[in-house]
Amino acid sequence: MTWFGRGSACRSRCEGSHPDDLAVVRQHDHDGVAAAAVVEAQAAYAKLAELMGALAGCFARIEPRRAACAYVRGLIADLPRKNCWRLAEHAGDASPDKMQRLLERASWDAAAAMRLVRDFAVAGLGDRDTAVVVLDESGQEKKGERSVGVKRQYVGCAGQVTNAINVVYASYATAGGHAIVAARPYLPKEWACDRERRAAAGVPEDMVFATKPALAVAMLTELDQAEMLPPWVTGDEVYGRDRRLRDWGADHGVGYVLGVPRSFRIQLPSGARLRADTASRLVPAGAWTRACCGPGSKGDRDYAWGWLATASPRHHLLVRRSLTDPADLAFFTCYVPAGRPATLPVLVAVAGRRWPVEEDFQVGKSHFGLADSQVRTYTALFRHIVLCMAAAAICATAAAAARSRAPALPPLPTSPEATPPEDPGLIPFTVAEITRLLNLLLQPHHYLHWSWWRRRHQARARWHHHRTRLEQQAAAT
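Just so it is clear, the model here is predicted, and its values are computed rather than measured. (Residues numbered from 1 in each chain as written. Predicted model: local features only at pLDDT ≥ 70, side-chain atom pairs only at ≥ 80, totals over all residues. Heavy atoms only, no water.)

Trainee: Hey, could you run me through helix H4 (residues 62–76) in this one?
Mentor: The terminal C-alpha atoms of H4, which comprises 15 residues, lie 21 Å apart, in line with the 21 Å expected from a rise of 1.5 Å per residue. Those residues of H4 not exposed but buried are Pro 64, Ala 67, Ala 68, Tyr 71, Val 72, Gly 74, Leu 75 and Ile 76. (Helix = DSSP H or I, 4+ residues; strand = E, 2+ residues; numbered from the N terminus. Expected span 1.5 Å × (residues − 1). Buried < 20%, exposed > 50% of the residue type's maximum accessible area, 1.4 Å probe, protein only.)

Structure representation (structure tokens):
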């Protein structure tokens, strides 16, 4: 890989491998874009070296340390499935024994490694003053009854009740990017009380049953103790309806905007106690405010918002209403610590930060093998999660740094009649695109051309999606 030390050398290597692809790039005069991609690939590789160097102290011997580095590089690689067999093949091993030993029996501190991954991600994403911690769980379907924590339960990836395991995650989201910074496998009550199953799956002796919100509180506490907890927390109904989690936020001066069910009860300043859906009818017709809770792939995510005061001056009920279906409502309980302004734009912005964790799950499973563990014991599952978090953190921080250097895109349309720009530009590097650039280091092939094509196509699609949204709005009025 020494050839990748200079951009010109890299371009020469790529040019020699794929003249047809390069001809397309030259035809469109994108040599500058190719050079920028090379620079970002080098920066991403430096991130990989930085994090793996920081993790070195977690390993008792050099052999598992090298295996972990190969494991992470395999997770980033373009493999159809990220299990031990595939990762061993990618690393050039004769069998999966090294990778399986890394997860099951090798001596290394995965909990310390997770904390180092967290520190790396938080430092790389920056912008702590406006950051938000997003709480959510994600499942992985399993067969049989021996995988740690497996039971029939609802998992979002399947959209139904199925045989699966669940893990609670905390994602750290800023304006520049986001990444998972903490995780706790969920151990159902029937598992926690079954000594035989616990022993067979290697569940630690000190691990007891804890609800998903309790696991979330443990992760928030660890972030707080490390002085890395940002000012805001958000999550869905699973976390919003848990009083202990809400009380923890208020006791520690952490603001929150948490989803709650329509049956959630609030106490109005008058003393009356009402369900959230009943209270929402008290919002005057003229008090609903249209606001954007963040950019989406097809334009801004606009909704109508209303909010109500409660008997507590620091607590509020936030209501989100669809612009196309007034009956489609979502409810959030909000806490604003003393000394921090309570404004609708701030609460809407925090509520809109819930989507990054869904993207972390999607990208984690499709690009970093988050759901490809094929393990049964607690230790192996936890270690696989940590290494997946490391791979994702490398690419997320590299993408955030690349976005800070990206040139501005052409202005979006302001009317349905707007004419598309001749050059739509390129969208900033995404986490998925950074993984492809890292693969460029080892497998040049046609990654560079396809990186350019995807980003240009997505930039054009972004512009047209925005204009379509304007056309729909104009037709509605």
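Right, picking up where we left off after that structure.
Trainee: Even after reading the chapter, I still don't get the pattern of salt bridges, so can you show me in this structure?
Mentor: Oppositely charged side chains can pair when the atoms bearing their charge come close. Under the defined criterion, the tally for this structure stands at 13 salt bridges. For Arg 61, the salt bridge goes to Glu 63, with nearest N and O atoms at 3.3 Å. Here Arg 244 and Asp 242 are joined by a salt bridge, their closest N and O atoms 3.8 Å apart. Taking the relative accessible area as the measure of exposure, Arg 244 reaches 58% and is therefore exposed. Taken together, the shared-partner salt bridges in this structure form one network comprising Arg 118, Asp 119, Arg 184 and Glu 222. (Salt bridge = Lys/Arg side-chain N within 4 Å of Asp/Glu carboxyl O.)

Trainee: Got a minute to help me understand the packing of aromatic side chains in this structure?
Mentor: For any pair of aromatic rings, the description consists of the separation of the ring centres together with the inter-plane angle of the planes. For the coordinates displayed, the defined rule picks out 7 aromatic pairs. Each ring, one from Tyr 378 and one from Phe 382, has its centre 6.1 Å from the other, and the planes form 10°; the classification is stacked. Taken together, the residues span about one helical turn, with Tyr 378 and Phe 382 both in helix H16 (residues 378–405) at a distance of 4 residues. Each of the two residues, Tyr 378 as well as Phe 382, counts as buried. Taken together, Tyr 303, Trp 305 and Phe 332 form an aromatic cluster joined through their ring pairs. When the ring centre of Tyr 303 is taken as origin, the NZ or CZ atom of Arg 320, which lies over that ring, is 4.6 Å away. Just above the ring of Trp 288 sits the side chain of Arg 321; from NZ or CZ to the centre is 4.3 Å. (Phe/Tyr/Trp six-rings, centres within 6.5 Å; stacked < 30°, edge-to-face > 60°. Lys NZ or Arg CZ within 6 Å of the ring centre and 35° of its normal.)

Trainee: Would you explain helix H15 (residues 355–367) in this entry?
Mentor: Residues spaced three or four apart along an α-helix point in a common direction, a consequence of the helix completing one turn every 3.6 residues. Across its 13 residues, H15 extends 18 Å between first and last C-alpha, which sits within 8% of the 18 Å expected from 1.5 Å per residue. Listing the buried residues of H15 in full gives Pro 356, Val 357, Asp 360, Phe 361, Val 363, Gly 364 and His 367.

Trainee: How do you make sense of the side chain of Glu 137 when you look at a structure like this?
Mentor: Along the polypeptide, Glu 137 turns up in strand E1 (residues 132–141). Of the buried charged residues, Glu 137 lacks a salt bridge, with Lys 212 as the closest side chain of opposite charge at 4.3 Å. At a separation of 2.5 Å, a polar atom in the side chain of Glu 137 contacts the side chain of Tyr 239. If near-sequence neighbours (up to four positions away) are discounted, Glu 137 is found in contact with Asn 166, Val 167, Val 168, Lys 212, Val 238, Tyr 239 and Phe 361. (Lys, Arg positive; Asp, Glu negative; His and termini not counted. Polar contact = N/O pair within 3.5 Å; in protein donor to acceptor, adjacent residues only side chain to side chain. Contact = heavy atoms within 4.5 Å.)

Trainee: Just checking my understanding: could you explain the packing of H4 against helix H5 (residues 84–91) for this structure?
Mentor: Two quantities define a packed helix pair, namely the angle between the helix axes and the distance between the axes. Running from amino to carboxyl end, H4 crosses H5 at an angle of 105°, the nearest separation of the two axes being 9 Å. Taken together, H4 and H5 sit at an angle that is classed as roughly perpendicular. Contact residues: H4 offers Ala 70, Tyr 71, Arg 73, Gly 74 and Leu 75, while H5 offers Cys 84, Leu 87, His 90 and Ala 91. Across the contact of H4 with H5, the residue classes tally to 6 nonpolar, 2 polar and 1 charged. (Axes fitted to C-alpha atoms, helices over the stretch in contact; angles between N-to-C directions. Parallel < 35°, antiparallel > 145°, perpendicular 65-115°, else oblique. Nonpolar A, V, L, I, M, F, W, Y, C, P; charged D, E, K, R; others polar.)

Trainee: Teacher, can you tell me more about empty space enclosed by the protein here?
Mentor: Here the idea is plain: a probe the size of a water molecule rolls over the atoms and shows the empty space left. This structure, assessed with the given rule, holds 8 cavities of 30 Å³ or more. Along the wall of the largest cavity there are 14 residues; nearest its centre are Asp 360, Val 363, Gly 364, Phe 368 and Ala 392. Residue assignment for the lining of the largest cavity shows that the elements contributing at least two residues are strand E4 (178–185), H15 and H16. Here the lining of the largest cavity is built from residues that sort into 10 nonpolar, 2 polar and 2 charged. (1 Å grid on protein atoms, 1.4 Å probe; cavity = no way out; pocket = protein on both sides within 12 Å on 5 of 7 lines; lining within 4 Å. Points joined across faces, edges and corners; volume = space filled by probe spheres on them.)

Trainee: Is there a simple way to explain unusual backbone geometry in this structure?
Mentor: Most peptide bonds take the trans form, and the phi angle of most residues other than glycine is negative. The phi angle at Glu 227 is positive, at roughly 60°, despite the residue not being glycine. Turning to its location among the elements, Glu 227 is positioned in the loop between helix H10 (212–225) and strand E5 (232–235). In this structure, Gln 374 is a non-glycine residue whose phi angle is positive, near 50°. Checked against the element boundaries, Gln 374 lands in the loop between H15 and H16.

Trainee: It is not clear to me how the pairing of strand E12 (residues 329–335) should be interpreted in this structure. Could you clarify?
Mentor: Of all 7 residues that make up E12, 6 are buried, and the element is covered over most of its length. Inspection of the sheet shows strand E6 (residues 255–260) paired to E12 by 5 bridges, in the antiparallel sense. Its bridge partner lying in E12, Gly 259 is registered against Phe 332. For strand E11 (residues 315–321) and E12, the ladder comprises 7 bridges, and the chain directions are antiparallel. What sits directly across from Val 319, in E12, is Phe 331. (Pairing = 2+ DSSP bridges.)

By themselves, these are just geometric observations and shouldn't be taken as functional.
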